[in-house]
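# Tertiary structure, described
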Amino acid sequence: MTEYGYNFDYTKTMMMKMYLATPDRRGGSDVNITFAQALDIIRKTDALTLGVPKIIYLVGWQYNGHDDRYPELFEVNEALKRPEDAAALDSLVWLMEEAKQYNTTVSFHINFTDAYADSELFPDYLAAGALIRKPDGSPDPIEEYNGKPCYKVSFCEEWNSGLFRRRFDRFLASVPAAQTGTVHVDNFQCYYNNAPEVDLAAAQNARNQMIDYVKSCGLDITSEFTYREGPDGRDNYNHYCMGHPVYPIATLGRIAALWWFDNIRDDEYLTYPPQQFGGGLSHDPAFLRTFYGNIHGEHLWRGGNLHNDAWAAPFTREFCMIQLPYFFLCEHKRERIENDESGKTAYFSDGIVSRSADETITVNGVAVKDGHSVLLPLMVKPDTFVFYSDDPFDGVRDIPGCAFAEAKVSRITADGTEFLYETSVTDGKITIHAAAGEALLIEKQV
């Protein structure tokens, strides 16, 4: 357990999603990735990421796929199973066990907020008044997914009625989620309820109790957004007030990491270390190009990208240019942030400066990253560095912090590393030869 009470340090662990399936609107499942295919992707991803710890949350593992049958969380999508297994649950357990050898925890993408009328639990939620209501008192289908009206759960009534504990306990009895140490909860925002009104503060308190209950079961929650709910949401169900940084972060200290790390003020970024409250990526280019984040993976493991491993090249670039800088910067204390018309400049301990304007990171004035290349230590492995360049490179690069004089250089591929050559490190500089878009592993020669 980390110093902030989490099972994982999400600044040293890649947090990604894998999209498996969607309901096809004909009562079946439109499969993107089966459990067997998932393991092949996990194996190759582990090779490309050099064995760093990873969590992959499965999206669409249940019923006929993503956004199907909530608030139920109890059945595995049969369309995903391996032919040799009797049931999809057997294939899921197989995947979770096999993934461990590739430094990967396979866990679950779930949803505590949505509800559909075709769920067996829907009558119970109606009876308990545990759905967001219109001013006339009727349940409000606020959104629509997969061609079906999507109602929203009212957390206060769900918690007070015992419905939440019963469904979460049944979830843990149905699938081996308890062993993972972490689950990803999709859109987990609070909505105003009407007729009778439920105060937003009461909803937030109920959500906190839900999170604490999940934690008591041994699981971290990671989630989608920064939940900053306030009065502006009364008439629009918080679609706008979630973007207002004037409101407090309602789940601070309870949710470990976010998928979208948005709506964070500079002073909060300095106050809350990433080990307490970190996350994925920002929609704000200035923020993204200064602080980086956990890459998503999900958008690359889709459709045509799966053919002939076309996802591997863009994944390699994101790992090198976004994930590695995030790991690196999280190891250093944030000291101050400056903003001007060109973007953000962040100053860290140990002489590290990160600028969004030119996408550079410097260490005591020495560049270790620019907009097209990077040479950074692999923080989870000593005496190990990674080099990447969009363009061919043949020359000398600074390698600050390198404590060895002789290096072995290998190409990083989806099938493992391929030794290329030996080189030397002299006065903090290393000679490198690399093709365009090639990632290199630089290790101490022993």
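This text gives an overview of the structure that appears in the document. As the structure is a prediction and not an experimental result, all values here were calculated from the model.

## What to know about the packing of aromatic side chains
Pairs of aromatic rings are described using the distance from one ring centre to the other and the angle between the two planes. Counted under the stated rule, the structure contains 26 aromatic pairs. Clustering of aromatic rings is evident, with ring pairs tying together Trp61, Phe108, Phe112, Phe155, Trp159, Phe164, Phe168, Phe171, Phe188 and Tyr213. The positively charged end of arginine 165 is found above the aromatic ring belonging to tryptophan 159, 4.4 Å away from the centroid. In this structure, arginine 207 is placed above the aromatic ring of phenylalanine 188, and the distance from its NZ or CZ to the ring centre is 6.0 Å.

## A look at the sheet that holds strand S6 (residues 114–115)
Taking strand neighbours across the sheet as the criterion, the three strands line up as S6-S8-S7 in an open arrangement whose pairing is antiparallel. In this open sheet, the two edge strands, each paired with only one partner strand, are S6 and strand S7 (143–145). Sheet topology note: the S7/strand S8 (residues 148–152) ladder contains three bridges and is antiparallel. By the bridge assignment for S8, tyrosine 145 is matched with lysine 148.

## Quick notes on the pattern of salt bridges
Under the criterion given, the structure shown has 34 salt bridges. One salt bridge in this structure joins lysine 215 and aspartate 220, with 2.8 Å as the shortest N-O distance. Taking the relative accessible area as the measure of exposure, aspartate 220 reaches 2% and is therefore buried. When the shortest N-O distance is used, the salt bridge between glutamate 438 and arginine 411 registers 2.5 Å.

## Quick look at the environment of proline 23
Relative to the elements of secondary structure, proline 23 occurs in strand S2 (residues 21–23). Given the relative accessible area of 13%, proline 23 is considered buried. Expressed as a C-alpha distance, the spacing of proline 23 and tyrosine 63, which sit 40 residues apart in the sequence, is 8.4 Å. Discounting residues that sit within four places of it in the chain, proline 23 has contacts with Gly28, Asn64, Gly65, His66, Asp68 and Asn146.

## Topic: the nonpolar core
Of all hydrophobic cores here, the largest spans 112 residues; its most connected members are Met18, Leu58, Ile110, Phe112, Phe171, Phe188 and Phe315. Among the elements that line this core, the one with the most residues is helix H9 (residues 312–330), at twelve residues. Residues within four places of methionine 18 in sequence aside, it is in contact with Ile33, Ala38, Ile41, Ile42, Ile56, Tyr57, Leu58, Val59 and Trp301. Residues Cys402, Phe404, Val409 and Ile442 belong to the second largest nonpolar core, which totals 16 residues.

## Description of unusual backbone geometry
With the exception of glycine, the majority of residues adopt a negative phi angle, and the majority of peptide bonds are in the trans configuration. The step from tyrosine 70 to proline 71 runs through a cis peptide bond, and the omega angle for that step is 15°. Locating proline 71 in the fold gives a position in the loop between strand S4 (54–59) and helix H2 (88–99). Cis geometry marks the peptide bond from alanine 195 to proline 196; its omega dihedral reads -5°. As for its position among the elements, proline 196 is in the loop between strand S9 (182–185) and helix H6 (200–216). A positive phi angle, near 65°, is found at aspartate 350, a position not held by glycine. In this structure, aspartate 350 sits in the loop between strand S14 (343–348) and strand S15 (352–355). A residue is classified by how much of its surface remains accessible, and aspartate 350, at 52% relative accessible area, is exposed. Phi at glutamate 359 takes a positive value of approximately 55°, unusual for a residue other than glycine. Following the sequence through the fold, glutamate 359 ends up in the loop between S15 and strand S16 (360–363). The exposure class assigned to glutamate 359 is partly exposed, which follows from its relative accessible area of 25%.

Thresholds applied
Residues numbered from 1 in each chain as written. Predicted model: local features only at pLDDT ≥ 70, side-chain atom pairs only at ≥ 80, totals over all residues. Heavy atoms only, no water. Phe/Tyr/Trp six-rings, centres within 6.5 Å; stacked < 30°, edge-to-face > 60°. Lys NZ or Arg CZ within 6 Å of the ring centre and 35° of its normal. Pairing = 2+ DSSP bridges. Helix = DSSP H or I, 4+ residues; strand = E, 2+ residues; numbered from the N terminus. Salt bridge = Lys/Arg side-chain N within 4 Å of Asp/Glu carboxyl O. Buried < 20%, exposed > 50% of the residue type's maximum accessible area, 1.4 Å probe, protein only. Contact = heavy atoms within 4.5 Å. Core = buried A, V, L, I, M, F, W, Y, C linked by side-chain atoms within 4.5 Å.

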